[in-house]
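Listed below, chain by chain, are the residues.
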Amino acid sequence: MQRSVALVTGASSGFGLLTVVELAKAGYHVIATMRDSRKQGALLTLAAKQQVSEQIEVWSLDVTNRTEIIEVSAKLTETYQRLDLLIHNAGISIGGFNEEISEQDWRRSMETNFFGVVFLTQALLPLMRQQQSGKIINVSSVGGRIAFPGYGPYSASKFALEGFSESLRLELSLYGIDVILVEPGAYQTDIWAKGFTHIEDTSSTHSSYQQPMKQVLSVGKRLTKHAGQPMDVAKKIVNIAAKRKPRLRYAMGRGSTLAVMAKGLLPWRWLEALIKWQLRKK
Ligand SMILES: NC(=O)c1ccc[n+]([C@@H]2O[C@H](COP(=O)([O-])OP(=O)(O)OC[C@H]3O[C@@H](n4cnc5c(N)ncnc54)[C@H](OP(=O)(O)O)[C@@H]3O)[C@@H](O)[C@H]2O)c1
């Protein structure tokens, strides 16, 4: 019997890398895509250790590159004629204060975290609709439900992803395809360090936001110290993929379920006061 086929974006590190291996362990044949295939070493080492190398293929895909998206879609259709699970995981975290973030950084954030998902989905949907089954799991964030200062582009891109996913889920339910959002809080992957470095590099001594930026960075660093293990997210994704009737949203991680609940229940003023209090805390 043919194995179920899964495709994961951003598989060179973090959640993506671990999810590929966990899916292979669960019996999937996995297309692990990454924008720089020279970074496949860590994935291949773990796959070999877990004895699932034969179930994993590494393909090049920069999700901001429309030509590569079309090539991947054509190759997948030609090789496997099916796609059972599509995991949009690739993402970047661009921080800084909204006024001072460059146009290039705003666009890069939307191109990667939002348009990458939209256009890859469009390219692969004909295949999934034809088979009348499958799941699309979009890795969003608690930052896609609540926006924090210092992370405008990140939250804007994940809020957009949330809206897109709500709409897509309603459209695709007619074709037996489930759309699901995974919304992690803080987990120990490289994304934070990359984001912090970016903030530190771009908040020059001329910035008008030096003091609030220091507060944002210190909260971020405090959060990452107590952040969860990325393997929990990878395992959760595999668990969701096996569900017959998955929900739209799965918030997970320290404090994020609570934060999302608080947003639904508390008056907006109270929520703002809570966030501001967090920022002032030493
Ligand atoms: N870690 C957390 O606390 C957390 C919390 C909430 C949500 N998330 C979300 O989880 C997802 C995975 O992030 P992570 O935490 O695992 O961080 P990560 O280790 O930095 O992984 C991000 C992955 O996305 C890839 N990527 C970036 N731009 C890309 C592009 N244009 N095309 C293809 N791949 C690209 C990166 O590739 P390179 O190696 O080439 O950069 C990397 O493989 C992201 O969507 C992120 O927003 C993470």
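Note that the structure is predicted; figures quoted are calculated from it, not measured. (Residues numbered from 1 in each chain as written. Predicted model: local features only at pLDDT ≥ 70, side-chain atom pairs only at ≥ 80, totals over all residues. Heavy atoms only, no water.)

(A) Quick look at helix H7 (residues 210–225). Its 16 residues place the ends of H7 23 Å apart at the C-alpha level, agreeing with the 22 Å of an ideal helix rising 1.5 Å per residue. Turning to H7, its buried residues are Met 213, Val 216, Leu 217, Val 219, Gly 220 and Thr 224. Mapping the buried residues of H7 onto a view down its axis gives an arc of 160°, with all of them on the same face. Counted as exposed and oriented over 90 degrees from the buried face of H7: Lys 214 and Lys 225. (Helix = DSSP H or I, 4+ residues; strand = E, 2+ residues; numbered from the N terminus. Expected span 1.5 Å × (residues − 1). Buried < 20%, exposed > 50% of the residue type's maximum accessible area, 1.4 Å probe, protein only. Arc of directions from axis to C-beta.)

(B) Quick peek at the pairing of strand S6 (residues 177–184). Within S6, 7 of the 8 residues are buried, which leaves it mostly tucked inside the rest of the structure. For strand S5 (residues 134–139) and S6, the ladder comprises 6 bridges, and the chain directions are parallel. Residue pairing for S6: Gly 134 is matched across the bridge by Ile 177. Running through helix H5 (residues 152–172), the crossover from S5 to the neighbouring parallel element S6 is right-handed. (Pairing = 2+ DSSP bridges. Right-handed = clockwise from strand over helix to strand, strands pointing away.)

(C) Structural detail: the nonpolar core. Grouped together as the largest cluster of nonpolar side chains are 33 residues, with contacts concentrated most on Leu 23, Ile 56 and Ile 137. Here the element with the most residues in this core is helix H1 (residues 14–25); it accounts for 7 residues. (Core = buried A, V, L, I, M, F, W, Y, C linked by side-chain atoms within 4.5 Å.)

(D) Geometry of the site of the ligand. Around the ligand sit 30 residues in total, of which Ser 12, Tyr 154, Tyr 187, Thr 189 and Trp 192 are the nearest. Here Asn 89 contributes a backbone N or O atom positioned 2.8 Å from an oxygen atom of the ligand. Expressed as a share of its isolated accessible area of 890 Å², the protein-covered part of the ligand is 97%. Breaking the shell around the ligand down by element, the ones donating at least two residues are H1, H5 and helix H6 (190–202). Looking at the shell around the ligand, its residues break down into 12 nonpolar, 12 polar and 6 charged. (Near = heavy atom within 4 Å. Polar contact = N/O pair within 3.5 Å; in protein donor to acceptor, adjacent residues only side chain to side chain. Areas by Shrake-Rupley, 256 points an atom, 1.4 Å probe, with all protein chains shown as cover. Nonpolar A, V, L, I, M, F, W, Y, C, P; charged D, E, K, R; others polar.)

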